[in-house]
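Next come the chains, spelled out residue by residue.
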Amino acid sequence: MSMTAPDLDRLRGVAAPRNHDARTISALTANPGCARRGVMDAAGVDKDAVARHLGFGVPFGQSQFAITRGNTFEAQVKADGCAELLTLLRDRLGLEVPEVAYDDLGAVGDNEGREVRHARTRKLVQRALETGEGTLFDHPLLRLDIAGRPAYLEPDVIAFQLGGRFHIVEVKSFAVIDGQAEADQVAAAARQSAVYVLALRRLVAELGHDPVEKVAHEVFLVCPENFSNRPTATPVDIRPQLAVLERQLARLTRVDTIVAQLPEEITFDLGEALEEAVRTVEARYAPECMSSCEMAFFCRAEARACGATGALGRSVRDDLGGVDSVETALALAEGVLEPSEDLAETAGQLRLAARLRREALAGVA
Ligand code: SF4
C-alpha cells in the first residue's frame, strides 16, 4: 500500500507542515529505526509543539542572540553579491575565481513557492553544467527524498561553480580562533553540509551528469576569525559524514509501511487524544535522542516507565538485539523464560553473564 499526501495531512491535523532542513535531516539519521520520529517528520508535525503540549517541552535550537549574530554575519559576507566571500575564495584559498555571476535563488520574482524555487535551482544548475555559466548560487533550494518522501532543504548555503565543479559554502557564526574552532560545532556543520552535498549530487545525477565528479566532497565553512567579524574560510572534507548519511538514509524505516498499519482515526492535532496518538507509533528511545530530537523527554519517560532496554543506551539495546524490555532480559538471564528461536543466542549470553556475575559476587563475599 502506498501512502498518499492526504494520509500525511490527516496525521498532521490542522497545523501547517514543518519543512525539513539540513539540521533535522542530519539529526534524523541519528536514530533511523525510530518509527515515531519517521512518521512525525514525514507528516511535517511540529514535534516541539507536540512535546510542549504533552508537558515535555525541551529548549532546542539557538538562542535569539546567536541567531541575530549569525544573521548579521551572513548578511555581511553576502553583501554586494558576496564580495567578501569572493575575496576569501581568491586570496585565502588561492582559487582563481574569474569575473563572477551571482544568482540569488531565494525567490523567483514575487514567488517564494518551494516548487518554483526548486525548479529555478534545477534550471540554473543544468545551465551551469552544460555551459559553465554562473558562479555563485545563493539560497539554492534543493530536494532530498527522506524515507520515500521528498523534503525541500531550506536554503542557507551558497553553491559556487568553478571549472565545471560545484562546491558548497556554509556561512557559520561560530568563531575560528587561532585557526581552531570547537570540534562539536565543526562536526555539526560538516554533517549539515553533507546533507547539501548529497542533495546537490542527487540533482546533478538526475540531470544526467556524474555527481561525484561534478560536486566536490570538500566544502568551505566561512566563520568569523578570532574576536572580529572578519570572515575566514576553512575547507572541510565531508566524505566520512557523507558515507554515514547515505547509509543511514538507506536504512530509514519506510514510512509508508508504518502509516498503512496505523488506525485511520489517529492525528497529531494538539488535542486531548494527542498522547494516545503519539504512543500508537512505536519509538526507539536511546540516550542520544536527548541531543537530537524534540520528543526526547517524552520518549525517555515512556521508555523508563515500561523498562525499555533502549533507555540504558544504544549499545545495550544492540547487544540485547531483539529483547526490548529489561524485565524480559532478566527473565531470560535467570532462565525463567524460555527464549524463542531467534532469541536463543542472546538468552545463552545473558545466562552466561548472570552466572559470571553470581560467581564474581560469591568470590567477593
Ligand atoms: S526522542 Fe523519541 S521520537 Fe525522537 S528519535 Fe528518540 S525515540 Fe524517536
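Residues numbered from 1 in each chain as written. Predicted model: local features only at pLDDT ≥ 70, side-chain atom pairs only at ≥ 80, totals over all residues. Heavy atoms only, no water.

A.B. asks: Before we go on, may I ask you to explain the overall build of the chain in this structure?
C.D. replies: What the chain contains, in helices and strands, is 15 helices and eight strands. Expressed along its principal axes, the backbone C-alpha trace of the chain runs to roughly 75 × 55 × 40 Å. In the chain, buried positions account for 44% of the 365 residues. Accessible area of the chain: about 18,600 Å², with a carbon and sulfur share of 51%. For the chain, the distance from the average site of its 41 positive side-chain charges to the average site of its 55 negative ones is 2 Å. (Helix = DSSP H or I, 4+ residues; strand = E, 2+ residues; numbered from the N terminus. Buried < 20%, exposed > 50% of the residue type's maximum accessible area, 1.4 Å probe, protein only. Areas by Shrake-Rupley, 256 points an atom, 1.4 Å probe, with all protein chains shown as cover. Lys, Arg positive; Asp, Glu negative; His and termini not counted. Charge placed at Lys NZ, Arg CZ, Asp CG, Glu CD.)

A.B. asks: What is the right way to look at the site of the ligand in this model?
C.D. replies: Taken together, Asn31, Cys34, Arg36, Arg37, Ala283, Arg284, Tyr285, Cys289, Cys293, Met295, Ala296 and Cys299 make up the full set of residues adjacent to the ligand. In this structure the site holding the ligand corresponds to the largest cavity. For the shell around the ligand, the secondary structure elements donating two or more residues are helix 3 (35-42) and helix 12 (296-305). In terms of residue class, the shell around the ligand is built from eight nonpolar, one polar and three charged. (Near = heavy atom within 4 Å. 1 Å grid on protein atoms, 1.4 Å probe; cavity = no way out; pocket = protein on both sides within 12 Å on 5 of 7 lines; lining within 4 Å. Sits in = over half its atoms within 2 Å of the grid points. Nonpolar A, V, L, I, M, F, W, Y, C, P; charged D, E, K, R; others polar.)

A.B. asks: Help me out: how do you make sense of the layout of surface pockets in this one?
C.D. replies: If a probe the size of a water molecule is rolled over the atoms, the empty space left behind becomes visible. In this model, the second largest pocket occupies a volume close to 410 Å³. Mapped by element, the contributors of at least two residues to the lining of the second largest pocket are helix 1 (5-12), helix 3 and strand 4 (149-153). Residues that form the lining of the second largest pocket fall into these classes: nine nonpolar, three polar and six charged. (Points joined across faces, edges and corners; volume = space filled by probe spheres on them.)

A.B. asks: Looking at this structure, I do not really get the sheet that holds strand 5 (residues 157-162). What am I missing?
C.D. replies: The strands making up a sheet associate through hydrogen bonds between their backbones, and the pairing can be parallel or antiparallel. Taking strand neighbours across the sheet as the criterion, the six strands line up as 1-2-5-6-7-8 in an open arrangement whose pairing is mixed. Whereas interior strands pair on both sides, the edge strands pair on one side only; in this sheet they are strand 1 (102-104) and strand 8 (231-237). Going across the sheet, the axis of each strand differs from the next one's by a mean of 25°, ignoring polarity. Relative to strand 6 (residues 165-171), strand 5 is paired through six bridges, and the arrangement is antiparallel. Following the sheet pairing, isoleucine 158 is matched in strand 6 by valine 169. Each of strand 1, strand 2 (136-138), strand 5, strand 6, strand 7 (218-224) and strand 8 is contacted by helix 5 (residues 64-92), which is oriented at about 65° to strand 8, the strand it contacts most. Helix 6 (residues 114-131) contacts strand 1, strand 2, strand 5 and strand 6 of the sheet and is inclined by roughly 160° relative to strand 1. (Pairing = 2+ DSSP bridges. Axes fitted to C-alpha atoms, helices over the stretch in contact; angles between N-to-C directions. Contact = heavy atoms within 4.5 Å.)

A.B. asks: What should I look at first to understand the packing of aromatic side chains in this one?
C.D. replies: Working definition: an aromatic ring pair is given by the centre-to-centre distance plus the angle between the planes. If you walk through the whole model with that rule in mind, you get three aromatic pairs. Centre to centre, the rings of phenylalanine 160 and phenylalanine 220 are 5.9 Å apart; their planes meet at 35°, and the pair counts as tilted. With a gap of 60 residues between them, phenylalanine 160 in strand 5 and phenylalanine 220 in strand 7 connect regions that are remote in the sequence. Judged by relative accessible area, which is 1%, phenylalanine 160 ranks as buried. (Phe/Tyr/Trp six-rings, centres within 6.5 Å; stacked < 30°, edge-to-face > 60°.)

A.B. asks: I would appreciate a short explanation of empty space enclosed by the protein in the present structure.
C.D. replies: The tally for this structure, following the rule as stated, stands at two cavities of 30 Å³ or more. Put simply, the largest cavity is a space of about 110 Å³. As for the largest cavity, its lining consists of 14 residues, of which Asn31, Cys34, Arg37, Cys289 and Cys293 are closest to the centre. Considering only residue class, the lining of the largest cavity consists of nine nonpolar, two polar and three charged.

A.B. asks: Hey, could you run me through helix 14 (residues 326-334) in this one?
C.D. replies: Side chains of residues three or four places apart in an α-helix project in the same direction, reflecting 3.6 residues per turn. All of the buried residues along helix 14 are Ala329, Ala331, Leu332 and Ala333. Looking at the buried positions of helix 14, the neighbouring elements they touch are helix 15 (344-364).

A.B. asks: Can you help me understand the environment of glutamate 246 in this one?
C.D. replies: Summarising the element assignment, glutamate 246 is placed in helix 9 (residues 239-251). For glutamate 246, a relative accessible area of 39% gives the class partly exposed. Residues glutamate 246 and glutamate 84, spaced 162 residues apart in sequence, show a C-alpha to C-alpha distance of 33 Å. Excluding anything up to four places from it in sequence, glutamate 246 contacts Leu198 and Arg202.

A.B. asks: Help me understand the pattern of salt bridges, please; the structure alone is not making it clear to me.
C.D. replies: Evaluation of the coordinates by the stated rule reveals 17 salt bridges. Ionic pairing is found between glutamate 302 and arginine 36, a salt bridge with its closest N-O pair at 3.0 Å. On the criterion of sequence distance, the pair formed by glutamate 302 in helix 12 and arginine 36 in helix 3 is long-range, its members being 266 residues apart. Note on accessibility: glutamate 302 and arginine 36 belong to one class, buried. With a shortest N-O distance of 2.8 Å, lysine 78 and aspartate 138 are connected by a salt bridge. With lysine 78 in helix 5 and aspartate 138 in strand 2, the pair connects residues that are 60 residues apart, well separated along the chain. What makes lysine 78 buried here is its relative accessible area of 11%. Classification of aspartate 138 as buried rests on a relative accessible area of 1%. (Salt bridge = Lys/Arg side-chain N within 4 Å of Asp/Glu carboxyl O.)

A.B. asks: Teacher, can you tell me more about the environment of alanine 283 here?
C.D. replies: Note on placement: alanine 283 falls in the loop between helix 11 (274-280) and helix 12. Between the C-alpha atom of alanine 283 and that of leucine 141, which follows or precedes it by 142 residues, the distance is 31 Å. In contact with alanine 283, other than residues within four places in its own chain, are Cys34, Arg36, Cys299 and Glu302.

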